[in-house]
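Listed below, chain by chain, are the residues.
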Amino acid sequence: MVTQPKILLLDDDQDFLDLYREMLSQHLSCLPDVRVASTGARALALLESEQFHLLIVDLNMPKMDGLQVLSIARRKYPELRLVILTGIREEQFRTRAYAMGVDQYWIKPESDQEMGLFMESIESLLSREAKGGFRGVQSKSLVDIVQLECLSQSSTVLKITNGAAEGKIWIQNGEVIHAEGPGMTAEPAFQRILTWKTGSFENLPADLAQTRTIFTSYQGLLLNTAQALDEAASQLAEAPSEGSAAAEAASSAPQLAELSQLNGVEFVLALGTDENSPQDSWGLENPKPVAEWMRQTLEDFNSLGEALQVGQLQQVVGTGPQRKVALAPMGKSELCVGFSPSIAAEELRETMKNISSKWVF
Amino acid sequence: MGLLNFLSKSDRPKLVHLPSGSFTIDREGKIMTSTLPQSFSAARMQEIGQPVIASFQAAKVAQMPLAEVIIHFAALKILARELRGGAIIFLMPQCLNQPLRRPKH
């Protein structure tokens, strides 16, 4: 971190604030700028006016408690690191705090050793911020992955899965030599695979016996693919407004059909989180009333979760005489999946997890 | 009378503790019975019960009647069973250190 890290410390005990301000500003090697606030409102005002890297909060405070402050801070400042430093040992509050997205939950240190550990953890949190870097491969597109393999002159087979679809790309000494996708091979398969926006990939050992079917350089291949994607996108943009909704719905239609292959699934309904966004369904004769129920239920329970401070709504599962139904927010979409009534609860949860990992946002 | 209240810090925060237990609510949203501690107010129970009842009713309108709804939050599980237009609602706070699956015997 080039700039001096800034920490905001929130507690209603002035002695505590004085002590910890001194400790944090003098004993951390990064010499942070430590600001203090004795009320939640004051802390939020400071966060509004200045940029902080870390917020350390006590839970027990008058008027606005720590969980309320955290809930607002997490929503408004997603980059801000959050640490709880409290005397409350109850497991429930620890769970709720982590569910709300805090980075660490600390019981106020009572010995030198505990204080040392706390200071180390704060130092580590701030240095992690300084180093930056990726938290996972999810932010990498397939184009990035192919480029990385080719630039490093690798020989490997990339196996890519996207829902039920699977594809393979053969790379030999940094050149793409062959590809196989759903029902196609060579360059068309490569282009098809690169249109997938999410999924998983694994590196298989190099297959030196594979016959070469692609003779374009990898840069050429990526350029061709980018061009094809741009053309497809511009065609969609040029379509009339009614058609654009249909096109959007059509783009998710194959995905819904893939979900229907999963065991026990009877219908699928997908909605955008925006009220005016199009809905798309598979296996439902009249999706409108189900969509209304789904939107209202998710909205109500999301508000309830915020009011109770119990973290994000993960899933709603309903059981009726005719079927079971599961609702879940999936990034920018909301999904409703109908299951046969005989499906076991465990299997239903596993299927929903499976869907959530494969869903293209 | 009230001496202890006077001595205690009146502006001490009240972090809402989520207890385990159940309550029943009728179709009008009135709390009928509860096994939850008194510290968990009736207003809180209604706050939970109303969207549950609304969800049961809306599901019926959508031709998809439901007898049970389980709402999974990161730190709380709510299980609600329909009772003649009302509901019996179980609150089950989730803890990080509880086993994920019931051990097989």
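Residues numbered from 1 in each chain as written. Chains lettered and ligands numbered in written order. Predicted model: local features only at pLDDT ≥ 70, side-chain atom pairs only at ≥ 80, totals over all residues.

K.L.:
Before we move on, could you go through the overall build of chain B and cite the residues and values that matter?
P.N.:
Across its full length, chain B carries two helices and five strands. In chain B, the succession of helices and strands from N to C terminus is α-β-β-α-β-β-β. Within chain B, the fraction of its 105 residues that count as buried is 30%. The contacts of chain B with a sequence gap of at least 6 include a subset with a gap of at least 24, amounting to 39%. (Helix = DSSP H or I, 4+ residues; strand = E, 2+ residues; numbered from the N terminus. Buried ≥ 20, exposed ≤ 12 C-beta atoms within 10 Å, placed from the backbone. Contact = placed C-beta atoms within 7 Å.)

K.L.:
Explain the overall build of chain A to me, and be specific about the residues and the numbers.
P.N.:
Counting its regular elements, chain A contains eleven helices and 15 strands. Burial status across chain A gives 34% buried among its 361 residues. A separation threshold of at least 6 residues defines the contact pool for chain A, and within that pool the share at least 24 residues apart is 57%.

K.L.:
Now, about the pairing of strand 5 (residues 104-107) of chain A: what can you tell me, with residues and values included?
P.N.:
Residue and element names in this part refer to chain A. Summarising the sheet, strand 4 (residues 81-86) and strand 5 pair through four bridges and their orientation is parallel. Across the sheet, Leu-85 pairs through a bridge with Trp-106, a residue of strand 5. Each parallel crossover has a hand, and for strand 4 linked through helix 4 (residues 91-99) to strand 5 it is right-handed. (Pairing = 2+ DSSP bridges. Right-handed = clockwise from strand over helix to strand, strands pointing away.)

K.L.:
Tell me what's going on with the pairing of strand 2 (residues 31-34) of chain B, and back it up with residues and numbers.
P.N.:
In this structure, strand 1 (residues 21-25) of chain B lies alongside strand 2 of chain B, joined through three bridges in antiparallel fashion. Counted as the bridge partner of Thr-24 of chain B is Thr-33 of chain B from strand 2 of chain B.

K.L.:
Summarise the sheet that holds strand 5 of chain A; cite the residues concerned and give the values.
P.N.:
Residue and element names in this part refer to chain A. The strand order across the open sheet formed by five strands is 2-1-3-4-5, and the pairing between neighbours is parallel. The sheet terminates laterally at strand 2 (33-37) and strand 5, the two strands that pair on one side only. Ignoring strand direction, the axes of neighbouring strands in this sheet form an average angle of 20 degrees. Contacting strand 1 (6-10) and strand 2, helix 1 (residues 14-27) runs over the sheet at an angle of about 165 degrees to strand 2. Sheet strands in contact with helix 3 (residues 66-76) are strand 1, strand 3 (54-57) and strand 4, and its direction is about 175 degrees off that of strand 4. (Axes fitted to C-alpha atoms, helices over the stretch in contact; angles between N-to-C directions.)

K.L.:
Give a detailed account of the interface of chain B and chain A, specifying residues and quantitative values.
P.N.:
Taken together, the contact between chain B and chain A spans 34 residues of the former and 39 residues of the latter. When residues of the side of chain B that touches chain A are traced back to their parent elements, those giving at least two are helix 2 (42-61) and strand 3 (68-73) of chain B. When residues in the side of chain B that touches chain A are grouped by element, the largest group, eight residues, is from helix 2 of chain B. Among the residues making up the side of chain B that touches chain A, the classes are represented as 24 nonpolar, six polar and four charged. Taken together, the six bridges between strand 13 (residues 313-319) of chain A and strand 3 of chain B define a ladder with antiparallel strand orientation. Looking at the pairing, Thr-319 of chain A lines up with Glu-68 of chain B of strand 3 of chain B. (Nonpolar A, V, L, I, M, F, W, Y, C, P; charged D, E, K, R; others polar.)

K.L.:
Help me get a handle on the sheet that holds strand 3 of chain B, residues and values and all.
P.N.:
Taken together, ten strands build an open sheet; the order of strands is 12(A)-11(A)-15(A)-14(A)-13(A)-3(B)-4(B)-5(B)-1(B)-2(B) and the sheet is antiparallel. At either margin of the open sheet sits one strand with a lone partner, and together these are strand 12 (279-282) of chain A together with strand 2 of chain B. When strand polarity is set aside, the average angle formed by the axes of neighbouring strands in this sheet is 15 degrees. Here strand 11 (residues 265-272) of chain A runs beside strand 15 (residues 333-339) of chain A; their pairing, made up of seven bridges, is antiparallel. Note that in strand 15 of chain A the partner of Leu-271 of chain A across the bridge is Glu-334 of chain A. Contacting strand 11, strand 12, strand 13, strand 14 (324-330) and strand 15 of chain A together with strand 3 and strand 4 (76-83) of chain B, helix 10 (residues 287-308) of chain A crosses the sheet at an angle of about 65 degrees to strand 11 of chain A.

K.L.:
Explain the environment of Glu-123 of chain A to me, and be specific about the residues and the numbers.
P.N.:
Residue and element names in this part refer to chain A. Structurally, Glu-123 can be placed in helix 5 (residues 112-131). A count of 17 C-beta atoms within 10 Å places Glu-123 in the partly exposed class. Sequence spacing of Glu-123 and Leu-24 is 99 residues, and the spatial spacing of their C-alpha atoms is 9.3 Å. Those residues within four positions of Glu-123 in sequence are excluded, and the remaining contacts are Leu-28, Ser-29 and Cys-30.

K.L.:
Give a description of the confidence of the model for chain B that names residues and reports values.
P.N.:
Low pLDDT marks regions whose predicted coordinates should not be analysed in detail. In this model, chain B carries an average pLDDT of 84, and 77% of its residues clear a pLDDT of 70 or more. Interface predicted TM-score (ipTM) for the complex: 0.84; the corresponding pTM is 0.64. (pLDDT = per-residue confidence, 0-100.)

K.L.:
Before we move on, could you go through the packing of helix 2 (residues 40-49) of chain A against helix 3 of chain A and cite the residues and values that matter?
P.N.:
Residue and element names in this part refer to chain A. Orientation of helix 2 relative to helix 3, taken along the N-to-C sense of each, is 15 degrees, at an axis distance of 10 Å. In terms of their interaxial angle, helix 2 and helix 3 are classed as roughly parallel. The way helix 2 lies across helix 3 gives a crossing that is right-handed. Across the interface between the two elements, Gly-40, Ala-43, Leu-44 and Leu-47 from helix 2 touch Gln-68, Val-69, Ile-72 and Ala-73 from helix 3. In the contact of helix 2 with helix 3, the residues fall into six nonpolar, two polar and no charged. (Parallel < 35°, antiparallel > 145°, perpendicular 65-115°, else oblique. Left-handed = near helix turned anticlockwise from the far one by under 90°.)

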